[in-house]
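Analysis of the macromolecular model
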Amino acid sequence: MAAEQPLYLGFDLSTQQLKAIVVSSDLKTVGEAKVDFDGDFAATYGIKKGVHVREETGEVYAPVALWMEALDLVLDRLQKAMPVPMDRIRGISGSCQQHGSVFWNKDAETLLASLNPDKAIVDQLKPALAHPWSPNWQDQSTQKECDAFDAKLGGRENLAQATGSGAHHRFTGTQIMRLRRVLPDMYANTHRIALVSSWLASVLLGSIAPMDVGDVCGMNLWDIPNQRYNDELLALAGGADGVEDLRAKLGAPAMDGGKSLGSISNYFVSRYGFNKGCQIIPFTGDNPATILALPLRPLDAIVSLGTSTTFLMNTPAYKPDGAYHFFNHPTTAGHYMFMLCYKNGGLSREKVRDALPKPENGPTGWENFNKAIFDTKPLDVTNEETDNAKIGLYFDLRETVPNIRAGTYRYECAADGSNLHPSESKWSPAVDARAIVESQALSMRLRSQALVHKPDDLLPAQPRRIYLVGGGSLNPAIASVIGSVLGGAEGVYKLDVGGNACAMGGAYKALWGLERKDGETFDDLIGARWKEEGSVEKVDIGYRQGVYEQYGSVLSAFEEMEHRLLEEEK
């Protein structure tokens, strides 16, 4: 690496860890460090998995002081781990857990600007907090507020049209509304409200940093079509007479995700050896940062196959729905991040796997699960003239997309999707193995179909590429079904960026902000330097002519099955 090549630092402040990663201009990792909250601070703060839980109210919250201590500790570890001086770092950005909020009091600006490098951050900034706790994304305490938000604009779908999402317990608007109700003095003493991302940027900047253009959408307060706060929702969260007060507490977001907020605080220059000219670029949320770590191009999709399942797309189309999420893209004006979150993922697949005969020689049950998938025809249809297509839902937990109670629901329909009815036949465990993966992929296809278009004149509308991450990405049978159902004109790929995707996305964001030429997009700059070798492996061909269309024929039946079950819920 050339001695003069600049470096960029990316943070990832998640629920359980704070990570820091340094990359060079050619995207090579130069140094990294992390702090594990339970491992390093459980005795001090009494946390478990990074948070406190109050079962009787559904509250889940984290001590902000812990993050202050973690920042000093991770930088101390990074400084010792770096093979080059910290003053080579030209820019800093990062990702943080979405939806958490931090409440600054009136002394915050003064205290941020006057940090003494001879003292720890926590000793100097704890007095700047109006509230010592940050609500965590797992919080469940705001159902009353969610009902009010969903009703305010005339229904959940109208709220989603305006803010990109229906109301959610974890979203900052509902959290503000509840905290104003239960802690009125705290709210009155709050001078500024930060997201976790803008809070960390503020500490590094030495002044209150604005929220990021993408992360501000995780509040149910930002009007995405008009790119401004929604006054009716501000009045709901902040009170009828508190609209302007809440607007001031939130501050205007940074609408250019790559524009410098200013130079790093002298605290970090003196204590850790940063260059005085090191710039702070707006920090974003963990989900937007994930799509920056690829970088994800329009028509590309990420499917995360972990305990839960997440589907992410970069899209220029804004077509919101109360069942999923839209956010402003963190770097590309006019583009959006589309996100689906499913509770039922890996654990549900494992339950179906465990119903199969145990393998004689294999170490796990996945060998038989995979064989069952490969031995079963799509939708268990051998003869399209005589066989019904089998579709189902496998929910061990109440699902959110759609909001249906736990249970296993098996239906059949004709190959063209007509004559939908509950199945009266007994399905073999092998059919269930294929059907559960088909079910998860069909739900993603149903909800993303309006966002994709034809990659060329010869192919139907579908994603360009599908990237798989998480434990399930290693499974060839799952990859095959996902490619068959979702398509993927250029194939299905396993993506491996280690456990540092969010921090890496933050580092890339800083690099783009400081090295971009006029009009140069994030995709153009980072895409030209990003190397697939070692990170991406093609695991399936993706689009299969005829099979993709076969799944498309039953998509309406799959949607009708969900609607019938939702009606039963009522």
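Since we're looking at a predicted model, the values are computed, not measured.

1. Describing the overall build of the protein
A count of helical and extended segments in the protein gives 21 helices and 24 strands. At 24 Å, the protein has a C-alpha radius of gyration in line with the 25 Å of a compact globule built from 570 residues. Along the first, second and third principal axes, the C-alpha set of the protein runs to 75 × 60 × 50 Å. By the burial criterion, 60% of the 570 residues in the protein qualify as buried. Long-range pairs, those at least 24 residues apart, make up 72% of the contacts in the protein between residues at least 6 apart in sequence. When the accessible surface of the protein is summed, it comes to about 22100 Å², and 48% of that surface belongs to carbon and sulfur atoms. Taking the average location of the 57 positive side-chain charges in the protein and that of its 72 negative ones, the two points are 3 Å from each other.

2. Quick word on the pattern of salt bridges
Applying the stated criterion to the full structure yields 32 salt bridges. For aspartate 375, the salt bridge identified is with lysine 371, shortest N-O distance 2.6 Å. Within this pair, aspartate 375 and its partner lysine 371 are both found in helix α15 (residues 366-375), separated by four residues, close to a single helical turn. Its relative accessible area of 53% is what places aspartate 375 among the exposed residues. Between arginine 405 and glutamate 568 there is a salt bridge, and its shortest N-O distance comes to 3.5 Å. Here glutamate 568 lies in helix α21 (residues 555-569) and arginine 405 lies in the loop between β19 (389-395) and β20 (407-413), a separation of 163 residues in the sequence.

3. Description of the packing of aromatic side chains
A full pass over the atoms with the stated rule returns 18 aromatic pairs. Between tyrosine 318 and phenylalanine 326, the ring centres sit 5.4 Å apart and the planes meet at 70°, which makes this aromatic pair edge-to-face. Geometrically, the ring pair formed by tyrosine 467 and tyrosine 493 is tilted, given 5.8 Å between the ring centres and 40° between the ring planes. Placement of the pair is tyrosine 467 in strand β22 (residues 465-469) and tyrosine 493 in strand β23 (residues 492-495), with a sequence separation of 26 residues. Across the pair, exposure class does not vary: tyrosine 467 and tyrosine 493 are buried alike. Among the aromatic residues, those joined into a cluster by ring pairs are Phe311, Tyr318, Tyr324, Phe326, Tyr336 and Phe338. A cation over an aromatic ring shows up here: lysine 249 above the ring of tyrosine 187, its NZ or CZ 4.9 Å from the ring centre.

4. Let's talk about helix α5 (residues 143-152)
Among the residues of α5, those classed as buried are Glu145, Cys146, Phe149 and Asp150. End-on view of α5: buried residues confined to an arc of 135°, all on one side of the axis. Projecting away from the buried face of α5 at angles above 90 degrees are the exposed residues Lys144 and Ala151. Glycine 154 sits one or two positions beyond α5 and adopts a positive phi of about 100°.

5. Let's talk about α21
With 15 residues, α21 should cover 21 Å at 1.5 Å per step; its first-to-last C-alpha distance of 21 Å lies within 8% of that length. Where α21 is concerned, the buried positions are Leu555, Ala557, Phe558, Met561, Glu562 and Leu565. Structurally, α21 contributes buried residues whose contacts are with β19, β20, α16 (429-448) and α20 (547-553).

6. Concerning the nonpolar core
Side chains of nonpolar character tend, in soluble globular proteins, to be buried together. With 124 residues, the main nonpolar core has Leu221, Leu250 and Ile391 as its most contacted residues. Not counting residues within four places of it along the chain, the set of residues in contact with leucine 250 comprises Ile176, Arg192, Ile193, Met211, Met219, Leu221, Tyr229 and Leu234. Core analysis: the second largest hydrophobic core is formed by 62 residues, Val22, Phe37, Ala108 and Ala201 among them.

7. Some thoughts on unusual backbone geometry
The linkage connecting valine 401 with the following residue, proline 402, adopts the cis geometry, with an omega of -5°. Secondary-structure assignment places proline 402 in the loop between β19 and β20. One non-glycine residue, asparagine 220, adopts positive backbone phi at about 60°. With respect to the element layout, asparagine 220 can be found in the loop between α9 (196-205) and β10 (222-223). Phi at leucine 379 takes a positive value of approximately 60°, unusual for a residue other than glycine. Position of leucine 379 among the secondary structure elements: in the loop between α15 and β19.

8. A short note on the domain arrangement of the protein
Domain parsing of the protein yields domain 1 (7-288), domain 2 (302-343 + 488-540) and domain 3 (346-465 + 543-568). A separation of 39 Å is found between the C-alpha centroids of domain 1 and domain 3.

9. Considerations on the packing of α15 against helix α17 (residues 476-486)
A pair of packed helices can be characterised by two numbers: the angle between their axes and the separation between those axes. Where α15 meets α17, the axes come as close as 8 Å, and the angle between the chain directions of the two elements is 30°. For the element pair α15 and α17, the recorded crossing hand is left-handed. Only Pro476, Ala477, Ile478, Ser480 and Val481 of α17 make contact with α15, whose side of the interface consists of Phe369, Asn370, Ile373 and Phe374. Among the residues making up the contact of α15 with α17, the classes are represented as seven nonpolar, two polar and no charged.

10. Description of the sheet that holds strand β21 (residues 421-422)
Two modes of strand pairing occur in sheets, parallel and antiparallel, and in both the strands are linked by backbone hydrogen bonds. With respect to topology, three strands assemble into an open sheet ordered β19-β20-β21, the strand pairing being antiparallel. Sheet topology places β19 and β21 at the edges, where each strand pairs with a single neighbour. As defined by bridge partners, β20 adjoins β21 across two bridges and the pair is classed as antiparallel. When the sheet's bridge partners are listed, glutamate 412 is paired in β21 with histidine 421. Its contacts with the sheet put α21 on β19, β20 and β21, and the angle it makes with β19 is roughly 45°.

11. Focus on the sheet that holds strand β8 (residues 133-135)
With antiparallel pairing, three strands are arranged side by side in an open sheet as β4-β5-β8. Looking at the sheet topology across the chains shown, the edges are occupied by β4 (52-54) and β8. The sheet shows a mean angle of 35° between the axes of neighbouring strands, taken without regard to direction. As judged from the three bridges shared by β4 and strand β5 (residues 59-63), these two strands associate in the antiparallel manner. Its bridge partner lying in β5, valine 53 is registered against valine 60.

12. Things to note about the side chain of glutamine 17
Looking at the element boundaries, glutamine 17 is found in strand β2 (residues 17-24). Judged by its relative accessible area of 17%, glutamine 17 falls in the buried class. Excluding residues within four positions of it along the chain, glutamine 17 makes contact with Asp12, Lys34, Val35, Asp36 and Phe37.

Procedures and definitions
- Residues numbered from 1 in each chain as written.
- Predicted model: local features only at pLDDT ≥ 70, side-chain atom pairs only at ≥ 80, totals over all residues.
- Heavy atoms only, no water.
- Helix = DSSP H or I, 4+ residues; strand = E, 2+ residues; numbered from the N terminus.
- Rg over C-alpha atoms; globule rule 2.2 N^0.38 Å.
- Buried < 20%, exposed > 50% of the residue type's maximum accessible area, 1.4 Å probe, protein only.
- Contact = heavy atoms within 4.5 Å.
- Areas by Shrake-Rupley, 256 points an atom, 1.4 Å probe, with all protein chains shown as cover.
- Lys, Arg positive; Asp, Glu negative; His and termini not counted.
- Charge placed at Lys NZ, Arg CZ, Asp CG, Glu CD.
- Salt bridge = Lys/Arg side-chain N within 4 Å of Asp/Glu carboxyl O.
- Phe/Tyr/Trp six-rings, centres within 6.5 Å; stacked < 30°, edge-to-face > 60°.
- Lys NZ or Arg CZ within 6 Å of the ring centre and 35° of its normal.
- Arc of directions from axis to C-beta.
- Expected span 1.5 Å × (residues − 1).
- Core = buried A, V, L, I, M, F, W, Y, C linked by side-chain atoms within 4.5 Å.
- Domains from an automatic or database assignment.
- Axes fitted to C-alpha atoms, helices over the stretch in contact; angles between N-to-C directions.
- Left-handed = near helix turned anticlockwise from the far one by under 90°.
- Nonpolar A, V, L, I, M, F, W, Y, C, P; charged D, E, K, R; others polar.
- Pairing = 2+ DSSP bridges.

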